[in-house]
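Working through the structure, step by step
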Amino acid sequence: MKVIDNYIEQMLQSTPNFPLWNQERIRANKKAGWNYIDGCMLTAFIKLYERKNDEKYLRFVKNYIDFFIEEDGNIKTYNKTDFNLDDINEGRILFTLYDIFGDEKYKNAMRLLYSQLEKQPRTIEGNFWHKKIYPNQVWLDGL
């Protein structure tokens, strides 16, 4: 367990501009962005918070998300007209943050993401396209 605990502590040193878990982004020298991989890791930190009841995990997630969520609920680097389901993943964190903190910016950001889903292109069977750039493709994580 010490190896895992050390890894978790190392990951807590991440920032939106330098997320240690997203080596693909770091190697490509890409700027911070609202994305699927961060959503997976932040979900894991929320689960750690719920399991261990340690506020450091919640603070980490809140600070990370607050980098992207503006006071009006706009999400920096997010473009709903990309119709990218990957961008919805990070939004799952907003439910927990809203439940705990009650900040309207989280609710407004959820509405923004939902407005994408209302217009998300679909296959003739009704499944969401994974992304606008992949017409008619359905990916398992987007079901």
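Up top is the structure these notes are about.
Notes on the structure follow.

Let us now look at the overall build of the protein chain. What the protein chain contains, in helices and strands, is seven helices and zero strands. Sequence-ordered secondary structure for the protein chain, helices as α and strands as β, is α-α-α-α-α-α-α. Across its three principal axes, the protein chain shows a C-alpha extent of roughly 50 × 35 × 25 Å. Within the protein chain, buried positions represent 43% of all 143 residues. Carbon and sulfur atoms make up 52% of the accessible area of the protein chain, which amounts to about 8,700 Å² in all. Across the protein chain, the 21 positively charged side chains and the 21 negatively charged ones have centroids separated by 2 Å.

On to the environment of L42. With respect to the helices and strands, the residue L42 is situated in helix α3 (residues 36-52). The exposure class of L42 is buried, given its relative accessible area of 0%. Taking the C-alpha atoms as reference, L42 lies 7.6 Å from E90; in sequence the two are 48 residues apart. Among all residues touching L42, those that are not within four sequence positions of it are F60, V61, Y64, I65, E90 and I93.

Below, the discussion takes up the side chain of D38. Residue placement: D38 occurs in helix α3. Once residues within four sequence positions are removed from consideration, D38 is found in contact with P19, W21, N22, G33, Y64 and E90.

Right, let's get into a nonpolar patch on the surface. A cluster of nonpolar residues, V138, L140 and L143, forms a patch on the protein surface that exposes about 340 Å² of accessible area. Relative to the assigned elements, L140 resides in the segment after α7 (104-119).

On inspection of all chains with the given rule, the structure shows six salt bridges. The shortest N-O distance in the salt bridge between D66 and K62 comes to 2.6 Å. In this pair, D66 and K62 both sit in helix α4 (residues 55-68), four residues apart, roughly one turn of the helix. As a salt-bridge pair, D86 and K131 come within 3.5 Å of each other at their nearest N and O atoms. Here the residue D86 occupies a position in helix α5 (residues 86-89), and K131 occupies one in the segment after α7, the gap between them amounting to 45 residues.

Ranked by internal contacts, the top residues of the largest apolar core, which has 32 residues, are W34, F45, F60, V61, I65, I75 and L94. Listed by contribution, the elements that provide at least two residues to this core are α1 (2-11), α3, α4, α6 (92-101) and α7. Ranked by residues supplied to this core, first place goes to α4 with seven residues. In this structure, V61 is in contact with L42, F45, I46, I93 and L97, ignoring residues within four places of it in sequence.

What counts, and where the lines are drawn
Residues numbered from 1 in each chain as written. Predicted model: local features only at pLDDT ≥ 70, side-chain atom pairs only at ≥ 80, totals over all residues. Heavy atoms only, no water. Helix = DSSP H or I, 4+ residues; strand = E, 2+ residues; numbered from the N terminus. Buried < 20%, exposed > 50% of the residue type's maximum accessible area, 1.4 Å probe, protein only. Areas by Shrake-Rupley, 256 points an atom, 1.4 Å probe, with all protein chains shown as cover. Lys, Arg positive; Asp, Glu negative; His and termini not counted. Charge placed at Lys NZ, Arg CZ, Asp CG, Glu CD. Contact = heavy atoms within 4.5 Å. Patch = residues over 30% accessible without salt bridge, like charges linked within 9 Å, V, L, I, M, F, W, Y side chains within 5 Å. Salt bridge = Lys/Arg side-chain N within 4 Å of Asp/Glu carboxyl O. Core = buried A, V, L, I, M, F, W, Y, C linked by side-chain atoms within 4.5 Å.

Function cannot be inferred from these measures alone, as they are strictly geometric.
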